[in-house]
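Residue strings, one per chain:
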Amino acid sequence: DLSSTAVFKQRCLVDASAMRARARSGVPPPPVFFYTGNEGPIEEFAASAGLLDELAPRFGALVAFCEHRYYGKSMPYGPGRSGSFARNKVGKLSVEQALADFAMLLPGLKARYGLPPSAPTIAFGGSYGGMLSAWARAKY
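Residues numbered from 1 in each chain as written. Predicted model: local features only at pLDDT ≥ 70, side-chain atom pairs only at ≥ 80, totals over all residues. Heavy atoms only, no water.

Asker: It is not clear to me how the pairing of strand β3 (residues 62-66) should be interpreted in this structure. Could you clarify?
Answerer: The buried fraction of β3 is high, at five of five residues. A two-sided burial pattern is seen for β3, the buried positions comprising L62, A64 and C66 on one face and V63 and F65 on the other. Alignment of strand β1 (residues 12-15) against β3, held across four bridges, turns out to be antiparallel. Looking at the pairing, D15 lines up with V63 of β3. As paired strands, strand β2 (residues 32-36) and β3 are joined by five bridges and run parallel to one another. When the sheet's bridge partners are listed, F34 is paired in β3 with A64. (Buried < 20%, exposed > 50% of the residue type's maximum accessible area, 1.4 Å probe, protein only. Helix = DSSP H or I, 4+ residues; strand = E, 2+ residues; numbered from the N terminus. Pairing = 2+ DSSP bridges.)

Pasting the structure below:
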């Protein structure tokens, strides 16, 4: 239902330590390294994404791992078959909805950490999450 204004809590694990270490006047805003979560709890992907841990200090990046709807604890209608996985609600589990979720998260994330809307965003992901990153780039 495109007219719905319902919201849900979507988890995002954020590491601002490299960004804070870079903060000084006269330099362009740091990038956001945005991991597009895929089919599982976001902690599992954050624990195995060593590349972002290596790159973030070099670029002074804000790192965000955002969970995909319907996985982990990011359940739009609550857990189980009577919640998010009810027959009349599982249709919201789609690539289009996931991309829209990520696009909606970014402006608030940037604002929360004092970054301008123009701060560059680089999407990362693996497997299905990698495809989401590519599709996000193409769409947004």
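Asker: What's the story with the pattern of salt bridges in this structure? I'm lost.
Answerer: Where side chains of opposite charge bring their charged atoms close, a pairing between them can arise. Summed over the entire model, instances satisfying the criterion amount to three salt bridges. Between E43 and R11 there is a salt bridge; the shortest N-O distance is 2.6 Å. One end of the pair, E43, is in helix α2 (residues 42-47); the other, R11, is in the segment before β1, and 32 residues separate them in sequence. With relative accessibility at 21%, the residue R11 sits in the partly exposed group. Among the ionic contacts, a cluster of salt bridges with common partners joins R11, E43 and E67. (Salt bridge = Lys/Arg side-chain N within 4 Å of Asp/Glu carboxyl O.)

Asker: I tried to follow the sheet that holds β2 on my own but got confused; where do I start?
Answerer: In any sheet, the strands associate via hydrogen bonds between backbone groups, in a parallel or an antiparallel arrangement. Pairing is mixed across the open sheet formed by four strands, whose spatial order is β1-β3-β2-β4. The two strands at the open ends of the sheet, each matched to only one other strand, are β1 and β4 (121-124). Averaged over all adjacent pairs, the angle separating strand axes in this sheet is 20 degrees, with direction ignored. As paired strands, β2 and β4 are joined by four bridges and run parallel to one another. For V32, the partnering residue across the bridge sits in β4 and is T121. Strands β2, β3 and β4 of the sheet are contacted by helix α3 (residues 50-59), whose axis makes an angle of about 165 degrees with β2. (Axes fitted to C-alpha atoms, helices over the stretch in contact; angles between N-to-C directions. Contact = heavy atoms within 4.5 Å.)

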